[in-house]
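The chain contents come next:
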Amino acid sequence: MNFYERCWDLESANKVFIETVEKKELVWNEAIMVNLRNERWERAKELFREMRFSFAKANGSTIAKMLQGCSKVGALEEGKQIHGYVLKFALESDLSVFNSLINMYSRSNRLELGRRVFDLMEDHNLSSWNSIISSYAGRGYLNDAWDLLKEMESSDIKPDIITWNCLLSGHALHGSHKAVLSILRRIQVVGFRPNSRSIISILQAVIELGILNFGREIHGYVIRNGFDYDVYVVTSLLDMYVKQDFLGKAQAVFDNMNNRNIVAWNSLITGYSFKGLFEDARKLLNGMEEEGITPDLVTWNGLISGYSIWGRSNEALALIHQIKNLGMSPNVVSWTALISGSSQTGNYREALDFFSQMQQEGIRPNSVTISSLLRNYGVLSLLQKGKEIHCFSIKNGLIEDVFVATALIDMYSKSGNSKAAYEVFKRIENRTLASWNCLIMGFAICGLGKEVVLLFEEMRGASILPDAITFIAVLSGCKNSGLVDEGWKYFDSMSSDYSIIPTIEHYSCMVDLLGRAGYLDEAWDFIQSMQLKPDATIWGALLGSCHIHKNMQLAEIAAKKLFKLEPYNSANYVLMMNLYAMSDRWGDVEHIKDLMSDIGVKNGQVWSWIQIDQIIHLFSAEENHPDEGEIYFELYHLVSEMKKLGYKPDVKCVYQNIDDSEKEKVLLSHTEKLAITYGLIKSRRDMPIRVIKNTRICPDCHTAAKYMSLVKNREIFLRDGSRFHHFSEGKCSCNDCW
């Protein structure tokens, strides 16, 4: 049997066993091992069963190998039966058997049973400790893995490179990338040299942390120590250069590879595709086929993702059809690449169409698909569609996925339903930093500043360390609610408590916070003392605050900077025209108009939309709505009722030099007013009205929306270009801090 196995003739090996008349234990064990070594799991299982009925006894090596087979194919029940066999025949003294039991249980997601086996062992060798540490680290129980390492060392058993590799791979797999580098330093301190498996984990961390210079040092170590013969190490190096946008270096690594596997080809093809270099990607595809390597679904999916990301969805869809013509079936990754790519380029409607086609093809979406879709619905504030996907996730068992849950939080937050977002958050068992950040930002855009602060403190209490994104969310919550003292506190704590260096986004939040609260001089001093050069977001925040508080002097300074930094951004010119109009400086208004005309700046399209009965109704100055007459008729009557309750149109929001009665008519044509009015006409009285506007709401429309909610006793949710406003009973959730 052994001879035929070495000659790659497994059938003859099995035939020898069948023809053996007197099958002794040695023959049974060898027959099972032959099939296990050749991954014939079903045949090995059948032989093991027959062996038991023949009263022959399996040896420790066979049992250990059978348990490894159970681990590979996920055969937990068979593994438990073998465990019973071990106990029955008193094989507890064989450490290799018990180590295989630990691995089998942990790989079958029954880590507690693996730990029980470990604890019941009278003696632990190095392999036993490595098995249990690997199990805990691989499942993400990293603190427990470190505790086991301490126990191991106190038992006078020294960790070897395998032990350290278990910790390296566990931390790399579960996102503790900085810890990977700490472990590397510790490995070197105790006198071990990283091997090929160590390097693969280290390169994963390098990719995620974006530390290319250190990656180059690892590349040098690979060459000096002869690890460049290892195809997996070299493929990891190639992947690192691709993901760090060093395609030239990636190509050089690829060209020097002796044995290029399909993973290496796919990595480079995907890299060129993601950069939009489709000719280079196609050349590689042709070269791959010339070397006799057939492109697989991963190859094609890399191209589909690239075309989708670069807005070439028709070509991406053509690749889907090409895959079918080649006799392959596009999978969930293929369709998700289309959906995700379209989402990233802002083609949300297209992404939804692809999702419909995907379902028609009978492809079940996975957590990545669902997360991409929810991002779409969040951007478009399609709350009902988002709820449908929420139900779909529950029915299909995807709700437990933390990425889906985080995407649901994002969708509900961007749709103005912070209560539903919080309910989803509460049900997440293992909350990641991303899920905390998402909810904090959701509360921030809804103007729930105090809740933002409470949530941040709760996060700290849960021993979750904030990152730069967390502080952007917290400072956004402070600026949207006028919490100046809290804003200063958290801005200062970034560097003092967490060693996080503030970025331009953090500085912008602080300028916005101080400016909106009326501390314009303090905002100006803050800009002057910044360690970074102020960009358009800084000056834009200052200009917006000057507009609120009518500070012409600082506004003109900010505008001058913005006209240089963003000469074609019409919003800056419009703000200045509006500010001049409020001060009756019509000559300056005309000067701004001439300036725009001279450099060819056109007013950006302003629009608002509302969804009624699954149909989206768009309102803009460029297009008339078919029900425009009915809308204006209702709006005139509504404004009349509002004036009785004290509403006064803010004619200063119109920067045209016309009389006040004409200005009032202009105010009526603002798109958000038309959208809200249409919602009042067409939607049920018990349903809240949800309007999306692409620019910031003007002061008059903000006041009008409060009165509309009071007169009609309706809830109105309006998401403008910067935040959410929830109008109810004549009040707004922003408390006029916007």
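Residues numbered from 1 in each chain as written. Predicted model: local features only at pLDDT ≥ 70, side-chain atom pairs only at ≥ 80, totals over all residues. Heavy atoms only, no water.

Caption draft 1: Quick look at the overall build of the protein. Each helix and strand counted, the protein has 40 helices and 6 strands in total. Projecting the C-alpha coordinates of the protein onto the three principal axes gives extents of approximately 110 × 55 × 50 Å. For the protein, buried positions account for 50% of its 738 residues. The long-range fraction of contacts in the protein, counting pairs at least 24 apart against all pairs at least 6 apart in sequence, stands at 62%. Per element, the accessible surface of the protein, about 36,100 Å² overall, is 50% carbon and sulfur. Charge separation in the protein, taken as the distance between the mean sites of 80 positive and 89 negative side-chain charges, equals 2 Å. (Helix = DSSP H or I, 4+ residues; strand = E, 2+ residues; numbered from the N terminus. Buried < 20%, exposed > 50% of the residue type's maximum accessible area, 1.4 Å probe, protein only. Contact = heavy atoms within 4.5 Å. Areas by Shrake-Rupley, 256 points an atom, 1.4 Å probe, with all protein chains shown as cover. Lys, Arg positive; Asp, Glu negative; His and termini not counted. Charge placed at Lys NZ, Arg CZ, Asp CG, Glu CD.)

Caption draft 2: The packing of helix H39 (residues 671-682) against helix H40 (residues 699-712), seen in detail. One can describe the packing of H39 onto H40 by two numbers: an axis separation of 10 Å at closest approach and a directional angle of 15°. By the angle class used here, H39 and H40 are roughly parallel. The way H39 lies across H40 gives a crossing that is right-handed. Residues Glu672, Lys673, Ile676, Thr677 and Leu680 of H39 pack against Asp700, Cys701, Ala704, Ala705, Met708 and Lys712 of H40. (Axes fitted to C-alpha atoms, helices over the stretch in contact; angles between N-to-C directions. Parallel < 35°, antiparallel > 145°, perpendicular 65-115°, else oblique. Left-handed = near helix turned anticlockwise from the far one by under 90°.)

Caption draft 3: Quick look at the sheet that holds strand E2 (residues 615-620). As summarised here, the arrangement of the 6 strands in space is E2-E1-E3-E4-E5-E6, forming an open sheet in which the pairing is mixed. The open sheet has two free edges, formed respectively by E2 and strand E6 (731-732), since each of these has just one partner strand. Pairing of strand E5 (residues 724-728) with E6, which is carried by 2 bridges, proceeds in the antiparallel orientation. Looking across to E6, one finds that serine 728 is bridged to lysine 731. (Pairing = 2+ DSSP bridges.)

Caption draft 4: The arrangement of the pairing of strand E1 (residues 607-612) in detail. Here E1 runs beside E2; their pairing, made up of 6 bridges, is antiparallel. In the strand pairing of E2, tryptophan 609 is matched with leucine 618. Linking E1 back to E2 in an antiparallel pair, the connection comprises 2 residues, with aspartate 613 at a positive phi of about 50°. Pairing geometry for E1 and strand E3 (residues 689-693), over 3 bridges, is antiparallel. What sits directly across from isoleucine 610, in E3, is valine 691.

Caption draft 5: Molecular detail of the side chain of asparagine 130. Take asparagine 130: it is sitting in helix H9 (residues 126-138). If sequence neighbours within four positions are ignored, asparagine 130 has contacts with Met152, Asp160, Ile162, Thr163 and Cys166.

Caption draft 6: Structural context of the pattern of salt bridges. Per the counting criterion, the structure on display carries 31 salt bridges. The shortest N-O distance in the salt bridge between glutamate 151 and arginine 115 comes to 4.0 Å. One end of the pair, glutamate 151, is in helix H10 (residues 142-154); the other, arginine 115, is in helix H8 (residues 111-120), and 36 residues separate them in sequence. Of the residues examined, glutamate 151 reaches a relative accessible area of 36% and is grouped as partly exposed. On the basis of relative accessible area, arginine 115 is assigned to the partly exposed category, the value being 21%. For lysine 243, the salt bridge identified is with aspartate 239, shortest N-O distance 3.0 Å. (Salt bridge = Lys/Arg side-chain N within 4 Å of Asp/Glu carboxyl O.)

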